[in-house]
Amino acid sequence: MKYAVGIDLGGTFVKAALVSENGKLIFKSKSPIGFSAKKQTILNTIKEIIKEIIDKATAAQLSVEGIGIGTPGIIYEGIVLGGSENLDGWENLDLATYFSKAFNLRVKVDNDANLMGLGEFYYGAAKGCTDVVFLTIGTGIGGAVIINGALYGGYKNRGTELGHIVVEHSGPECNCGGKGCLELYSSTTALIKQYSEKSGINIDDLSGYYIVEKYHENEPNAVYCLQEHTKYLGHGIASFINTFAPQKVVIGGGISDAGQFYIDLISKTAFKYMMPDCGNHTKIVGATLGNDAGSLGAATLILKKSN
Ligand SMILES: [Zn+2]
């Protein structure tokens, strides 16, 4: 059996796991990343957590084949090019060489959402499929596209920014430089913002979970906001279905735990507006790996040949 370390770096935590070839998490660990942590501190935190997992593997006499790392940003050949503004110094950063030298192991790096999608593809909701669109709904919207059994990143891995397709061409400005992007309407952040404006409740006192609860109580603002949120998401997904004709569209991120009603609302719009022949094999489903998707997917960069 082969084993690899899978690292999932987010804006607030770094998660690590020792993963076996068949997708079992042997050990897990998690460390906070300070809100204003500097680049070297972040690198040290990652280094420590990798060391912790490798030490445990060694003690259990399991040999580690390499390290897979998922990080926010646009990644090409192990280098973070940019696009991860929440992490200090996270541009033109050769993570693969840095950690490969530190541990004398093979290191591969890709975008965090790509790797969550890869995790669901190998071990989760899209197991057994060949063509998959994955979306993670959170602060923003991340995406991954799997075509014919392999992760598709566009030329030099610059693409599949699925949260930044335009759903309102004259909509508000987006951080990406565009206007009216999907994530401005359908991220959890957008849902909370809209509900806050409607209800007058301070944004800091709200969560996606709270709005879902109110939805189930038929509170009109919550019903309206969740319907808007899922409508935009459904229209976006109809476009992805028309483009990729996936077998599954997998919805991840905290709010996807809201329950089947959430998937049903999204599906209603997506299936109504897609081209029927493009989507007649498509199922829209919730992710099944939860918080482990990123670490599992990262490890597959080492454990699976096609990556
Ligand atoms: Zn955008």
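For clarity, every value in this text was computed on a predicted model and none was experimentally measured. (Residues numbered from 1 in each chain as written. Predicted model: local features only at pLDDT ≥ 70, side-chain atom pairs only at ≥ 80, totals over all residues.)

> How do you make sense of the overall build of the protein chain when you look at a structure like this?
For the protein chain, the count of helices and strands is 10 helices and 13 strands. Relative to a compact globule of 307 residues, whose C-alpha radius of gyration would be 19 Å, the protein chain shows 19 Å and is just as compact. Counting every position in the protein chain, which comprises 307 residues, the buried fraction comes to 44%. Summarising the internal contacts of the protein chain: among those between residues at least 6 apart in sequence, 62% fall at separations of at least 24. (Helix = DSSP H or I, 4+ residues; strand = E, 2+ residues; numbered from the N terminus. Rg over C-alpha atoms; globule rule 2.2 N^0.38 Å. Buried ≥ 20, exposed ≤ 12 C-beta atoms within 10 Å, placed from the backbone. Contact = placed C-beta atoms within 7 Å.)

> Just checking my understanding: could you explain the pairing of strand β6 (residues 79-82) for this structure?
Here strand β5 (residues 74-76) pairs with β6 via 3 bridges, running antiparallel. When the bridges of β6 are listed, I74 appears paired with G82. The hairpin formed by β5 and β6 contains 2 residues between the paired strands, and E77 there has a positive phi angle of roughly 50°. (Pairing = 2+ DSSP bridges.)

> Would you explain helix α1 (residues 39-59) in this entry?
For an α-helix, the turn length of 3.6 residues means that residues three or four places apart are oriented alike. With 21 residues, α1 extends 30 Å between its outermost C-alpha atoms, agreeing within 8% with the 30 Å of an ideal straight helix rising 1.5 Å per residue. For α1, the complete set of buried residues consists of I42, I46, I49, I50 and I53. Looking down the long axis of α1, one finds its buried residues gathered within 100° of arc, a one-sided arrangement. Seen from the buried face of α1, the exposed residues on the opposite side, beyond 90 degrees, are Q40, N44, D55, T58 and A59. (Expected span 1.5 Å × (residues − 1). Arc of directions from axis to C-beta.)

> Hey, could you run me through the sheet that holds strand β7 (residues 93-94) in this one?
Hydrogen bonds between backbone atoms are what pair the strands of a sheet, whose relative direction is either parallel or antiparallel. Spatial ordering of the open sheet is given by β5-β6-β7, a layout of 3 strands whose pairing is antiparallel. Bordering the open sheet on either side are β5 and β7, each of which pairs with just one other strand.

> Looking at this structure, I do not really get the packing of α1 against helix α2 (residues 95-103). What am I missing?
Angle between the axes and distance between the axes: these two values describe a pair of packed helices. Across the interface, α1 lies against α2 with an axial gap of 11 Å and an inter-helix angle of 45°. Classed by the angle they form, the pair α1 and α2 counts as oblique. Pair α1 / α2 crosses with right-handed handedness. For the pair formed by α1 and α2, the contact residues are L43, K47, I50 and I54 on the first element and Y98, F99, A102 and F103 on the second. Taken together, the residues that form the contact of α1 with α2 break down as 7 nonpolar, no polar and 1 charged. (Axes fitted to C-alpha atoms, helices over the stretch in contact; angles between N-to-C directions. Parallel < 35°, antiparallel > 145°, perpendicular 65-115°, else oblique. Left-handed = near helix turned anticlockwise from the far one by under 90°. Nonpolar A, V, L, I, M, F, W, Y, C, P; charged D, E, K, R; others polar.)

> Help me understand the sheet that holds strand β1 (residues 3-9), please; the structure alone is not making it clear to me.
Strand order across the open sheet formed by 5 strands is β3-β2-β1-β4-β8, with mixed pairing between neighbours. A strand with exactly one partner marks an edge of an open sheet, and here the two such strands are β3 (25-32) and β8 (106-111). Within the sheet, the average angular offset between the axes of one strand and its neighbour, ignoring direction, is 15°. Bridge count for β1 against strand β2 (residues 13-20) is 7 bridges, and the pairing is antiparallel. Bridge pairing in β2 places D8 opposite K15. With respect to the sheet, α1 is in contact with β1, β2, β3 and β4 (64-71), its orientation differing from that of β2 by roughly 25°.

> Explain the packing of helix α3 (residues 112-123) against helix α10 (residues 293-303) here, please?
Closest axis-to-axis distance for the α3/α10 pair is 7 Å, and the angle between their directions is 85°. By the angle between their directions, the pair α3 and α10 is classed as roughly perpendicular. Residues D112, L115, M116, G117, L118, G119, E120, Y122 and Y123 of α3 pack against A293, G294, L296, G297, A298 and T300 of α10. When its residues are assigned to classes, the contact of α3 with α10 shows 8 nonpolar, 5 polar and 2 charged.

> Can you help me understand the domain arrangement of the protein chain in this one?
Interface size, as often reported, equals the accessible area lost upon joining of the parts. Its domain assignment divides the protein chain into domain 1 (3-117 + 292-303) and domain 2 (128-288). Here the C-alpha centroids of domain 1 and domain 2 sit 26 Å apart. Contacts between the two partners involve 9 residues from domain 1 and, on the opposite side, 14 residues from domain 2. Elements represented by at least two residues in the side of domain 1 that touches domain 2 include exactly β5 and α3. Residue contributions to the side of domain 1 that touches domain 2 peak at 5 residues, all from α3. Looking at the side of domain 1 that touches domain 2 residue by residue, the classes come out as 6 nonpolar, 2 polar and 1 charged. (Domains from an automatic or database assignment.)

> How do you make sense of the nonpolar core when you look at a structure like this?
What tends to happen in soluble globular proteins is that the nonpolar side chains get buried as a cluster. Counting residues in each nonpolar core, the largest one holds 85 residues, and the members touching the most others are V5, I7, I50, I67, I69, I237 and A299. It is helix α7 (residues 220-244) that provides the largest number of residues to this core, a total of 10 residues. Each of domain 1 (3-117 + 292-303) and domain 2 (128-288) contributes no fewer than three residues to this core. Non-local contacts of A299, meaning those with residues more than four positions away in its chain, are made with A4, V5, G6, A17, V19 and G68. (Core = buried A, V, L, I, M, F, W, Y, C linked by C-beta atoms within 7 Å.)

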